[in-house]
Amino acid sequence: MAMLLTCTPKLICRRLSDIIRGRSRATFVQSTRAYCSSGKEDTSSGVPYEKTFQTDSSEGPSTLPEWADVVVIGGGSVGCSTLYHLTKLGVKNAVLLERNHLTSGTTWHTAGLVWRLRPNDVDNEILNYSRHLFMNVLEEETGISTGWITNGGLFIASNKERLDEYKRLHTLGKPFGIESHVLSPAESLDVYPLLNTNDLYGTLYSPGDGTVDPAGLCMALTKAATLAGAKVINNCPVTGFDIQEDDFGVKRVKAVKTESGTIRTPIVVNCTGVWAPHIGAMAGVKVPLVAMKHAYVVTERVEGVQNLPNIRDHDASIYLKVQGDGLSVGGYEPNPIFWDDVKTDFAFSLFDLDWDVFMQHVEGAINRVPCLETTGIKSTVCGPESFTPDHKPLMGEAPEVRGFYLGCGYNSSGMMLGGGCGKELAHWVVHGRPELDMYGYDIRRFPTSLTDNPKWVTDRSHEAYAKNYSMVFPHDEPLAGRDMRTDPFHKVLQDAGCMYQERHGWERPGWFTDKAAPVLDYDFYGSYDVPRHTNYEYENRLSDEYTFEWPPHHHVIGEEVKACRERVAVFNMSYFGKFHLVGPDAQKAVDWIFTNDLSKPAGSTLYTCMCNKMGGVESDLTVSKLEPGDGSSVLTPKSDDVAFYIAAGGGNSQQSWSHIMSTIQDMGLNCEMIDNSEEMGMLSVQGPYSREVLQQLTSTDLSNENFPFSTHQLATVAGHQVRLIRLTFVGELGWELHIPAESCVPVYQAIMAAGAKFGIANAGYRAIDSLSSEKGYRHWHADVRMDDTPLEANLAFTCKLKKDTPFLGREALERQKKDGLKKKLACLTVDGYTPLHGLEAIWRNGHAVGFLRTAQFAFALGKTIAYGYVHHPEGGVVNNAYLKEGEYHIESMGELFPATFHVRSPFDPKNMRIQGVYDDAVSVVIPEPQEARVLP
């Protein structure tokens, strides 16, 4: 790592001014070393705010409340916001504990930037709410200014691809009412006259962005909260927790221990930032984040900068924030410094700035705003920030301990996300789930097998930090933290040319070519003296994905689709969660947890949803009802009663597991969940010749009469016992094979050999995405999420509403059915080879009424197919009649494409192919890459 230089602010000002005026970098470093002194900087000199909560008082509270409904730990922006929003939901007895004084950890030195446009609709909603709270609510409610300034934001594009990304952001903002403008270089100069436009391709201007003052914000939040009955207690470090097991062996929070006493409580919210792993460890909770030293500098006066917008130059990985009559300059470097030894008494403190690390940001800033070359530096700010493996916060109830919630890991965005995240976190605590789809923030998105793996956490967090300002392409994959969870097929498929994707630790097939592309150990992009990989085949292929058009190898995906639609294809779906539910109350559990009617006989398999009490879809999955088992195989777990086999999508298997387990615990049911995800593999054999291929390998009769759709049987395939389930996620005749790990490779090899004469092919998830979208099947956390209901997602057929059996979420769905839907999933097609990927705006009769959740090229239809939720612009009811009456367009990068609405996908609407009836031949046409329509 780079050498740490320690300097006083005064010397920094003089010497950095020298380098900006043209002195060589080597000369600058040498002269700085000559004038440096050891020790830390003045702890408050660099921060550009007039007020903080810093005080010499260290006296702890004389008394503590004996009991609290909720205890929030950490007095930063997120902790204060959570406390505030808890009181808004009627929680009167909430307590916030701060080990020092409010904002003392990281909040006090934040840059205070608030942007509103991100390539994620939930982020945009959260940021929009934060801005509304800061700008319109708190000062009116409390009389305390949050220091909000609306000066706008300007995103810099130095190339076409970056401007394409900004055009996508501009389009996504329209359904949310976020004003933005795509500007030419000349128009950008009108908005920001100090810009260097020589290398400028264009900009995105968001006039409603701004900045907020951390102390003013936290003061307003806590004043409003205390007026509503909450308590804020400073100088009260937490020393431990009382965690007890209930009668079912479930760990639950009972109390918080501090240096000043104990507070009994059933709910704790850990909002302690970089100190969250330390607090979590006291309760046996794993918190996967790392602490890094994150810095910015504040310049002296810059003539003409007042009231100009703040800048994000993503290609230079820097931001420039207007700070009074100067600029704050910061960014994300490829070699951040880890703070490995996190001090628990670190408060209102800063680190010395490492100029070797930071200098790249200075050079980028000078390029973008050339007058900075002759501008001095007034102060530096280098403080701790927490970063996570996917650059998303950690929120929600920890899977290890009930009642222990996380609100940490905000990746240097806690100030701007804090308002909206505090609102969602409070709703999570009070109502059991948030209002928005917070799966991308939920700690349960990570499997518990990874959250305490320090190498995985560190490597992935580094890559997420280094790529923070990188373009977000539709098909990017991480290079760090790979091969953490592999299935038995991994090596044989890799040798077959598999290009793997990573989903929460699992490696799954993306697509296939004729050359192996193994993932190599993470090289930190050449940082920290780690040699950079050369001729790295996997990375080279991945770089082909960096486009907002169809990628150059899109025809390869088409060939895999063609094999499935016309012959037979094999999909490795082993990353799925594979759970067995056994015990006396297993039937009672599935009747309550799952929306579909599982009072079917053994041998049945049903597609079903799981809902929360608000009717939102927590997951969609398949459940197979089993006979009692003797425990002789992983396929037949020991059970004296009926048992159930649950196959859950691998990307949300931890989420599904946690939802099922917490529901069983809350109901006090006598049943057990067994996780066999690592002990089994899963192959899906699909296509017109799938029956012929498999029938060669088994004596089990695979005819429609003996083996109907949506049933399962134990069978011997190629001499190995497997569970055959007749299901499809691609709309073809086919079976899933759930196989004990030791039998996986022999069964796969036998299938490939038997299928050779039928033209069998390996296929990956990129083909599945196209095939399933073409058929109209839902993708969880895309087409259907926890803020969508089955009725809105056209999945009412999975709900046993015609029976009297109660299930979780039923009351909410019945109310919604009675009142009418306010949004509904629509299937839309766009003629031609138009590249759409999701997040494009949906226009109906001239109004922006939603955005696409997913979009794929449908090779059998010969057009692009997309799905998105349509709202009524005036808040009215949305039904099929309303949808049919509309004239639709899809906006992509500023261009409107006519779209056709379909009540259901036009591909095989009578489901004949699933039954093995292939009277109507389908011709899959694979357009050549050059036929793609290039968007402006």
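Read on for an overview of the structure. (Residues numbered from 1 in each chain as written. Predicted model: local features only at pLDDT ≥ 70, side-chain atom pairs only at ≥ 80, totals over all residues. Heavy atoms only, no water.)

### A few points about the pairing of strand β22 (residues 498-503)
Put simply, the test is: Using a 1.4 Å probe on the protein chains alone, a residue whose accessible area is under 20% of its type maximum counts as buried, one over 50% counts as exposed, and one in between counts as partly exposed. Strands are runs of DSSP state E lasting at least two residues, helices are runs of H or I lasting at least four, and both sets are numbered from the N terminus onward. We treat two strands as partners when DSSP finds at least two bridges between them.
The buried fraction of β22 is high, at 5 of 6 residues. Strand direction decides the pairing type here: β22 and strand β23 (residues 506-512), joined by 6 bridges, are antiparallel. Directly across from Arg503, in β23, lies its bridge partner Trp506. Taking the residues between adjacent antiparallel strands as the criterion, β22 and β23 are bridged by 2 residues, where His504 takes a positive phi near 50 degrees.

### So, the pattern of salt bridges
Side-chain pairs of opposite charge can arise where the charged atoms are in close proximity. Definition in use: By definition here, a salt bridge exists when the distance from a side-chain nitrogen of Lys or Arg to a carboxyl oxygen of Asp or Glu is within 4 Å.
Under the counting rule described, the total for this entry stands at 52 salt bridges. A network of salt bridges, in which partner residues are shared, links Asp246, Arg252, Glu397, Arg402 and Asp666.

### What to know about helix α7 (residues 214-227)
Our working definition: To estimate how far a helix should extend, the number of its residues minus one is multiplied by 1.5 Å. Contacts between residues were defined by any pair of non-hydrogen atoms, one from each residue, lying within 4.5 Å.
Its 14 residues give α7 an end-to-end C-alpha distance of 20 Å, which sits within 8% of 20 Å, the value for a rise of 1.5 Å per residue. Within α7, 10 of the 14 residues are buried, which leaves the element mostly enclosed by the surrounding structure. When α7 is considered as a whole, its buried residues turn out to be Pro214, Ala215, Gly216, Leu217, Cys218, Ala220, Leu221, Thr222, Ala224 and Ala225. Looking at the buried residues of α7, the elements they touch are α3 (77-88), α4 (121-142), β9 (231-233) and α10 (414-431). Gly229 lies just past α7 and shows a positive phi near 110 degrees.

### A few points about the nonpolar core
Here is the rule we go by: Definition of nonpolar core: a set of buried residues of the types Ala, Val, Leu, Ile, Met, Phe, Trp, Tyr and Cys, connected through side-chain atoms within 4.5 Å.
In this structure, Leu97, Phe241, Val269, Phe404, Met438 and Phe571 are the most contacted members of the largest nonpolar core, which totals 143 residues. Beyond its immediate sequence surroundings of up to four residues, Leu97 is in contact with Val71, Val72, Ile73, Gly74, Gly75, Ile233, Cys236, Val238, Val256, Thr258 and Ile263. Residues Leu200, Ile318, Leu320 and Ala365 belong to the second largest nonpolar core, which totals 35 residues.

### Quick look at helix α9 (residues 355-368)
The cut-off we apply is this: Contacts described as polar in this section are N or O atom pairs within 3.5 Å, which, within protein, must combine one atom able to donate a hydrogen with one able to accept it, while residues neighboring in sequence count only if both atoms come from side chains.
Here α9 is 14 residues long and its end C-alpha atoms lie 19 Å apart, about the 20 Å a rise of 1.5 Å per residue gives. With respect to burial, α9 is a largely interior element, 10 of its 14 residues being buried. Considered for burial, the residues of α9 that qualify are Trp355, Val357, Phe358, Met359, His361, Val362, Gly364, Ala365, Ile366 and Arg368. Where α9 begins, the side chain of Asp354 points an oxygen toward the backbone nitrogen of Asp356, at a separation of 2.9 Å.

### Considering the environment of Ser619
Among the structural elements, Ser619 can be located in strand β27 (residues 617-626). Along the primary structure Ser619 and Phe594 are separated by 25 residues, whereas in three dimensions their C-alpha atoms are 9.7 Å apart. Within the structure, Ser619 has its side chain in polar contact with the side chain of Ser656 (distance 3.0 Å).

### So, the packing of aromatic side chains
What counts, and what does not: Only Phe, Tyr and Trp rings take part, Trp by its six-membered ring, and two of them pair if their centres are within 6.5 Å. Stacked means planes under 30 degrees apart, edge-to-face means over 60, and tilted covers everything else. Lysine NZ or arginine CZ positioned within 6 Å of the ring centre and within 35 degrees of the ring normal marks a charge as sitting over the ring.
Evaluation of the coordinates by the stated rule reveals 35 aromatic pairs. Considering the side-chain rings of Phe387 and Tyr465, the 4.8 Å spacing of their centres and the 80 degrees angle between planes classify their relative orientation as edge-to-face. Taken together, the residues Phe387 in strand β19 (residues 377-387) and Tyr465 in helix α11 (residues 454-466) connect sequence positions 78 residues apart. By the burial criterion, Phe387 is buried, and Tyr465 matches it. When the ring of Tyr575 is compared with that of Tyr765, the centres are 5.4 Å apart and the planes differ by 85 degrees; the resulting orientation is edge-to-face. Residue Tyr575 is located in the loop between β24 (569-572) and β25 (577-582), and its partner Tyr765 is located in helix α19 (residues 765-775); the two are separated by 190 residues in the primary sequence. Comparing Tyr575 with Tyr765, the two get one shared label, buried. Lying across the ring of Tyr129, Lys423 places its NZ or CZ 5.4 Å from the centre. The ring of Tyr882 carries Arg844 above its face, with NZ or CZ at 3.6 Å from the centroid.

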